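# Coordinate inspection notes
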Amino acid sequence: THTYIQSHSKSGDKKHSSTNTLINMQITNLSRFRSNPSLFLSSQHYSSPFASSKMRAIVQTSYGPSTSSLEVSNRMDKPTPNSSQLLIKVSASSINPIDLWTCKGYGKELFESQRPLPSILGRDCSGRVVAIGNSVWNFKVGDEVFASVSPLHTGLQAEYVTINERMVAKKPKNLSHEEAASLGYSGLTAYKAIVDTMKVKEGQTVLVLGASGGIGLFAVQLLKVLGAKVVATCGRRNLDLVKSMGADKVIEYETLNPTPFDFSQEFTKCRYDLVLDGVYTSSEDRSKLLTSGLINEGGHYVSLNGDMIRRIDDRGLLLGAATSFLELISEKLVQGSGRGYNYDWLLFSPSGERLGKIGELAQVGIIKPHVDPKRFTLDQAKEAYDYYENFKPSGKVVINFE
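Criteria and cut-off values
- Residues numbered from 1 in each chain as written.
- Predicted model: local features only at pLDDT ≥ 70, side-chain atom pairs only at ≥ 80, totals over all residues.
- Heavy atoms only, no water.
- Helix = DSSP H or I, 4+ residues; strand = E, 2+ residues; numbered from the N terminus.
- Buried < 20%, exposed > 50% of the residue type's maximum accessible area, 1.4 Å probe, protein only.
- Contact = heavy atoms within 4.5 Å.
- Areas by Shrake-Rupley, 256 points an atom, 1.4 Å probe, with all protein chains shown as cover.
- Axes fitted to C-alpha atoms, helices over the stretch in contact; angles between N-to-C directions.
- Parallel < 35°, antiparallel > 145°, perpendicular 65-115°, else oblique.
- Left-handed = near helix turned anticlockwise from the far one by under 90°.
- Nonpolar A, V, L, I, M, F, W, Y, C, P; charged D, E, K, R; others polar.
- pLDDT = per-residue confidence, 0-100.
- Pairing = 2+ DSSP bridges.
- Arc of directions from axis to C-beta.
- Expected span 1.5 Å × (residues − 1).
- Bend = angle between axes of the 7 residues up to and from the residue.
- Salt bridge = Lys/Arg side-chain N within 4 Å of Asp/Glu carboxyl O.

A few words on the overall build of the protein chain. The number of helices and strands found in the protein chain is 14 helices and 16 strands. Expressed as a percentage of the 402 residues in the protein chain, the buried residues total 52%. In the protein chain, of all internal contacts separated by at least 6 residues, the share reaching a separation of at least 24 is 71%. Carbon and sulfur atoms form 51% of the exposed surface of the protein chain, whose accessible area is close to 18,400 Å².

Put into structure tokens, the structure is as follows:
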């Protein structure tokens, strides 16, 4: 066909000449494709060899306690990236609270149609790029990266995952894959709360509730970088850990009997400009803190526990969303602005740009990830989830996929 088109183009036939140019371009592209298929990889135009083979993954098969609702499956299809995605071979993935909640039915009403069972768990991963879509420009095959995704996205606790490049950042060279996998979800949540929502300023006093979890440990370090005074609460076994992150004062929440919101005398010695509530409290306990008089005028209270999704699960989409909206208005206007401070729920949002900033902080040693010393392999996924849920780990629990 190529020869035929060339012979006719010499006769001055512009149409055939144009066709000849197009065919020459296609031949050139085919040669480039054969030498490097990843340059052209797209789920719409190219059937990847990964798509028909299987991989191992941590899969939720039912709703209930994590140890009975998940399994390590070797029957999941390896994904193929679309034009804007990366295909990543996962080296490590960490467990977040939302993974446990998902096992127990959190978000079922909203997300089940997008993520029907069996579905892969996990919001964080770190690994190596093995293929790219044809619209990807910021990454190449071989790059070491880390990523975090929203609950709508297919989970990342699998040997291979596809992720839009806008949710991915290059892994800091000084971090292991286990360390990088511990940063995403926690770091993005804390960064959004402190930098984007609270807009923390030097010299402000900040209370961090639940400072020994992944979000809390990141938050304490970032707050100190920004020049804030940090008062933090945590369990007795993690006091030294939270102090080592730079907290100016650490309070055992076991001393706040019978709950962390029946405040001891020690707790009430300070007044706070800002409060980051990372213990996922009920609206009743939150109300108690908001009305305690501990927040300075003009202060800001940010909760990581908006109850909207739980209410939607319990009451359906319309009634659950309406009830949550009314509660937010009540807390913002009546308890918040009426007393001279702001109140917000924080919703997680993935961002490769923010993740890159977090990576830069880790690269220069300003932020140090803390991974629980007890490590787990993919075969030990059930043990990892049980440990995370029942043994109050120090830092992030990470599962190694290599």
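Here the focus is the packing of helix 7 (residues 184-198) against helix 8 (residues 214-225). It is the contact of helix 7 with helix 8, at a shortest axis distance of 8 Å, that shows an interaxial angle of 45 degrees. Classified by the interaxial angle, the pair formed by helix 7 and helix 8 is oblique. Helix 8 is crossed by helix 7, and the crossing has right-handed handedness. Seen from helix 7, the contacting residues are Ser186, Gly187, Thr189, Ala190, Tyr191, Ile194 and Val195; seen from helix 8, they are Gly214, Ile215, Phe218, Ala219, Leu222 and Leu223. Of the residues belonging to the contact of helix 7 with helix 8, the class tally is nine nonpolar, four polar and no charged.

So, about the confidence of the model for the protein chain. Parts of the prediction with low pLDDT should not have their coordinates interpreted in detail. When the pLDDT values of the protein chain are averaged, the result is 79; 70% of them are 70 or greater. Within the model, the stretch residues 1-52 combines pLDDT values under 50 with 51 contacts to residues more than four positions away or in other chains.

Taken together, the three strands give an open sheet; going across it, the order is 2-1-4, and neighbouring strands pair in antiparallel fashion. The open sheet is flanked by strand 2 (70-77) and strand 4 (119-120), the only strands paired with a single partner. By the bridge criterion, two bridges tie strand 1 (residues 54-60) to strand 4 in an arrangement that is antiparallel. If you follow valine 59 over to strand 4, its bridge partner there is isoleucine 120.

A few words now on helix 14 (residues 381-390). Residues of helix 14 that are buried include every one of Ala381, Ala384, Tyr385, Tyr387 and Tyr388, and no others. The buried side chains of helix 14 occupy one side of the element, clustering within an arc of 160 degrees when seen end-on. Of the residues trailing helix 14, lysine 392 is marked for its positive phi of about 45 degrees.

With that out of the way, let us pick up the side chain of aspartate 143. With respect to the element layout, aspartate 143 can be found in the loop between strand 5 (124-132) and strand 6 (144-148). Given the relative accessible area of 9%, aspartate 143 is considered buried. The contact partners of aspartate 143, leaving out residues within four places of it in the chain, are Gly127, Arg128, Val129, Asn138 and Lys170.

What follows concerns helix 7. Between its first and last C-alpha, helix 7 extends 20 Å over 15 residues, near the 21 Å set by a 1.5 Å rise per residue. The largest bend along helix 7 measures about 30 degrees and falls at lysine 192. Most of helix 7 sits inside the fold, with 13 of its 15 residues counted as buried. One or two steps after helix 7, the chain reaches lysine 199, where phi turns positive at roughly 55 degrees.

It is worth spelling out the pattern of salt bridges at this point. Using the criterion set out here, one finds ten salt bridges in the structure. As a salt-bridge pair, arginine 56 and aspartate 379 come within 2.2 Å of each other at their nearest N and O atoms. Taken as a pair, arginine 56 in strand 1 and aspartate 379 in the loop between strand 15 (376-377) and helix 14 lie far apart in primary sequence, 323 residues in all. Using a relative accessible area of 27% as the deciding quantity, one classes arginine 56 as partly exposed. Overall, the relative accessible area of 54% leaves aspartate 379 in the exposed class. The residue arginine 354 makes a salt bridge to aspartate 196 at a minimum N-O spacing of 2.7 Å. In this pair, arginine 354 sits in helix 13 (residues 352-363) while aspartate 196 sits in helix 7, placing the two residues 158 residues apart along the sequence.

All right, on to the environment of valine 149 then. The topology assignment puts valine 149 in the loop between strand 6 and strand 7 (160-164). By relative accessible area, which is 0% here, valine 149 ends up buried. Separated by 25 residues in the primary sequence, valine 149 and aspartate 124 place their C-alpha atoms 6.9 Å from one another.

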